[in-house]
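Notes for the structure review
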Amino acid sequence: MQIDVDIAVDRKSNEPLYKQIKRGIIERIKCGKWSPHDQLPNYKKISEDVGVSMITVKQSVGALVSEGLLYRKR
């Protein structure tokens, strides 16, 4: 199943990009666009769709994992 990323970032904002992506992920989960326990798109897909580096996406997801809002599966 392909999940649409549809996260916008504002490069003129003082808010760091990783926090904007983090907020976008949380919003998509809360509004039901992304369901709990669904696999999120990979870092490359998110980075290409949003227009940021994979490191920025990894930082966003890592913060959500640290906060207990997402989990990783191998």
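In what follows, the accompanying structure is described.

1. A short note on helix H2 (residues 43-50)
Within the sequence span of H2, burial applies to Ile46, Ser47 and Val50. For H2, the arc enclosing every buried residue in end-on projection is 95°, short of the 170-degree limit, so these residues lie on one face. Packed against the buried residues of H2 are helix H1 (17-30) and helix H3 (54-66). Within two residues after H2, Gly51 carries a phi angle of roughly 90°, on the positive side.

2. Some words on the packing of H2 against H3
Where H2 meets H3, the closest approach of the two axes is 8 Å, and the angle between their N-to-C directions is 115°. Put simply, H2 runs roughly perpendicular to H3. Pair H2 / H3 crosses with right-handed handedness. Two secondary-structure elements touch here, H2 through Tyr43, Lys44, Ile46 and Ser47 and H3 through Met54, Val57, Lys58 and Val61.

3. Digging into the side chain of Ser60
Following the sequence through the fold, Ser60 ends up in helix H3. In contact with Ser60, not counting residues within four places along its chain, are Tyr18, Ile21 and Lys22.

4. Regarding the side chain of Thr56
Along the chain, Thr56 turns up in helix H3. Leaving out residues up to four positions away in the same chain, Thr56 has contacts with Leu17, Tyr18 and Ile21.

5. Let's talk about the environment of Leu70
Following the sequence through the fold, Leu70 ends up in the segment after H3. Considered as a pair, Leu70 and Ser35 are 35 residues apart in the sequence and their alpha carbons are 11 Å apart.

Reading the values: the criteria
- Residues numbered from 1 in each chain as written.
- Predicted model: local features only at pLDDT ≥ 70, side-chain atom pairs only at ≥ 80, totals over all residues.
- Heavy atoms only, no water.
- Buried < 20%, exposed > 50% of the residue type's maximum accessible area, 1.4 Å probe, protein only.
- Helix = DSSP H or I, 4+ residues; strand = E, 2+ residues; numbered from the N terminus.
- Arc of directions from axis to C-beta.
- Contact = heavy atoms within 4.5 Å.
- Axes fitted to C-alpha atoms, helices over the stretch in contact; angles between N-to-C directions.
- Parallel < 35°, antiparallel > 145°, perpendicular 65-115°, else oblique.
- Left-handed = near helix turned anticlockwise from the far one by under 90°.

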